[in-house]
Amino acid sequence: MKQFSTTYTYIFSLVLCLVCSILLSVAAVGLKDRQVANEQLDKQKSVLMACRMIKAGERVTPDKVREMFGSITPKVIDLLTDTYAEGVDPETFKEKDSPLLPPMDNAAGLSEISQYAQIFQVKKEGKVDRVVLPISGKGLWGTLYGYLAVASDGNTICGITYYSHKETPGLGGEVDNPMWKSYWPDRKIYDADGNVAIRVIKGAAESPESDPYSVNGLSGATITSRGVSNMLQFWLGEEGFGPYLKKLREDGSV
Ligand SMILES: Cc1cc2nc3c(=O)[nH]c(=O)nc-3n(C[C@H](O)[C@H](O)[C@H](O)COP(=O)(O)O)c2cc1C
């Protein structure tokens, strides 16, 4: 067998590493736009699933997702003033461009919270029929990101989806399970005193009619379940979308 010198081996390894890193960089830069477009499409699909315009497990083409999403109106809420953010185009809004809220203790366990939040309105005959709100908060292994859809009464849940999380498949990762998501529609958010009452319990909840504020726990995943309850406490409360949903509940003029 032919013997190579040590110098040759080192130079060969170096050149190989260099070529591979150039190829990887070219691929990463070249595919960046497509990656961003796919992330955007995934979020749009998640919004459509939360408000049940797409059923769990239903196959829809990217063009169909874009077409359906075209009927949805985005809005950007300023969480500091509880009004629509001024000078921000909801169509092109990117969360990374938002200023941050002053640091605060929050039930969701978030270290940073954007001042502006993009929500989505589904309209019927010109009136708001459902709103889809972004939610996020700590689970066991990291932050979960998703959407909660709420009916025009500002109190009834239409659906929930998560599009990004680090929870364990089969345990906390069951937040993606269509069966678990099917427990959410028709549950209520606020009790008679206007407090956020919806929570994920340990074990099974009764029907929405007899047990409106409880959702079945994720078995073997109490920490993720608690994380979901906590993020809803925050996002549906005073510091989150509470004031917006209150306006929706009281006069529907949002
Ligand atoms: C490998 C591994 C992965 C786990 N992943 C999760 C998870 O994603 N979410 C969660 O809440 N608990 C997870 N747990 C379990 C937690 O450590 C903890 O025991 C559990 O939340 C307690 O839930 P229980 O009271 O329903 O048993 C995991 C445990 C192990 C060993």
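The sections below set out a description of the structure shown in this document. (Residues numbered from 1 in each chain as written. Predicted model: local features only at pLDDT ≥ 70, side-chain atom pairs only at ≥ 80, totals over all residues. Heavy atoms only, no water.)

Considerations on helix α4 (residues 222-235)
Point 1. Helix length check: α4 (14 residues) gives 20 Å between terminal C-alpha atoms against 20 Å at 1.5 Å per residue, within 8%.
Point 2. Inspection of α4 places T224, S225, G227, V228, S229, M231, L232, F234 and W235 among the buried residues, and these make up the whole buried set.
Point 3. In the core, the buried residues of α4 are packed alongside β4 (127-138), β5 (143-151), β6 (157-164), α3 (178-181), β7 (199-200) and α5 (242-251). (Helix = DSSP H or I, 4+ residues; strand = E, 2+ residues; numbered from the N terminus. Expected span 1.5 Å × (residues − 1). Buried < 20%, exposed > 50% of the residue type's maximum accessible area, 1.4 Å probe, protein only. Contact = heavy atoms within 4.5 Å.)

Points about the pattern of salt bridges
Point 1. Enumeration according to the criterion identifies 5 salt bridges in this entry.
Point 2. The residue D63 makes a salt bridge to R66 at a minimum N-O spacing of 3.1 Å. Remark: R66 and D63 occur in helix α2 (residues 62-69); sequence separation between them is 3 residues, near one turn of the helix.
Point 3. Ionic pairing is found between K246 and E250, a salt bridge with its closest N-O pair at 3.9 Å. Here the residue K246 and the residue E250 both occupy positions in helix α5, the gap between them amounting to 4 residues, near one helical turn.
Point 4. With relative accessibility at 59%, the residue E250 sits in the exposed group. (Salt bridge = Lys/Arg side-chain N within 4 Å of Asp/Glu carboxyl O.)

Here's the deal with the site of the ligand
Point 1. Every residue lining the ligand is accounted for by L140, W141, E167, T168, L171, G172, K202, G220, A221, T222, I223 and T224.
Point 2. One of the side-chain nitrogen or oxygen atoms of T222 is found 2.6 Å away from an oxygen atom of the ligand.
Point 3. When the ligand sits alone it has 620 Å² of accessible area, and the protein chains cover 56% of it.
Point 4. Of the residues contributing to the shell around the ligand, the split by class is 5 nonpolar, 5 polar and 2 charged. (Near = heavy atom within 4 Å. Polar contact = N/O pair within 3.5 Å; in protein donor to acceptor, adjacent residues only side chain to side chain. Areas by Shrake-Rupley, 256 points an atom, 1.4 Å probe, with all protein chains shown as cover. Nonpolar A, V, L, I, M, F, W, Y, C, P; charged D, E, K, R; others polar.)

Here's the deal with the nonpolar core
Nonpolar side chains in soluble globular proteins generally cluster together in the buried interior.
Point 1. If you look at the biggest cluster of nonpolar residues, it comprises 40 residues, and the most contacted ones within it are W184, I189, W235, L236 and L245.
Point 2. Those elements that place two or more of their residues in this core are β3 (116-124), β4, β5, β6, α4 and α5.
Point 3. For this core, the element with the most residues is α4, which contributes 5 residues.
Point 4. For L236, the residues in contact, after removing those within four places along its chain, are L133, L148, I189, Y190, V196, I198, G242 and L245.
Point 5. Residues I54, F120, Y147 and C158 belong to the second largest nonpolar core, which totals 18 residues. (Core = buried A, V, L, I, M, F, W, Y, C linked by side-chain atoms within 4.5 Å.)

Considering the side chain of K181
Point 1. With respect to the helices and strands, the residue K181 is situated in helix α3.
Point 2. Here K181 sits buried without a salt bridge, and the closest side chain of opposite charge, D176, lies 5.3 Å off (N-O distance).
Point 3. If we skip the residues at most four places from it in the chain, K181 touches M49, I160, T161, V175 and D176. (Lys, Arg positive; Asp, Glu negative; His and termini not counted.)

Re the sheet that holds strand β2 (residues 83-84)
Point 1. Ordered in space as β2-β1-β3-β4-β5-β6, the 6 strands form an open sheet in which the pairing is antiparallel. At either end of the open sheet lies a strand with only one pairing partner, and these are β2 and β6.
Point 2. Relative to β4, β3 runs antiparallel, the two being bridged by 5 bridges. When the bridges of β4 are listed, K124 appears paired with K127.
Point 3. α5 rests against β1 (72-78), β2, β3, β4 and β5 of the sheet, and its axis sits at about 160° to β4. (Pairing = 2+ DSSP bridges. Axes fitted to C-alpha atoms, helices over the stretch in contact; angles between N-to-C directions.)

Details of the layout of surface pockets
Point 1. What the largest pocket holds in volume is close to 1200 Å³.
Point 2. Around the largest pocket, the lining comprises 39 residues; the ones closest to its centre are K43, K94, E95, Y147 and Y163.
Point 3. Elements with a contribution of two residues or more to the lining of the largest pocket: α1 (6-50), β1, β3, β4 and β5.
Point 4. For the lining of the largest pocket, the element with the highest residue contribution is α1, accounting for 8 residues.
Point 5. Partitioning the lining of the largest pocket into residue classes produces 18 nonpolar, 12 polar and 9 charged.
Point 6. A volume near 180 Å³ is recorded for the second largest pocket.
Point 7. For the second largest pocket, the lining is made up of 13 residues, of which M49, R52, A56, K181 and S182 are closest to its centre.
Point 8. Breaking the lining of the second largest pocket down by element, the ones donating at least two residues are β6 and α3.
Point 9. The element that contributes the greatest number of residues to the lining of the second largest pocket is β6, accounting for 4 residues.
Point 10. Among the residues forming the lining of the second largest pocket, the class breakdown is 7 nonpolar, 3 polar and 3 charged. (1 Å grid on protein atoms, 1.4 Å probe; cavity = no way out; pocket = protein on both sides within 12 Å on 5 of 7 lines; lining within 4 Å. Points joined across faces, edges and corners; volume = space filled by probe spheres on them.)

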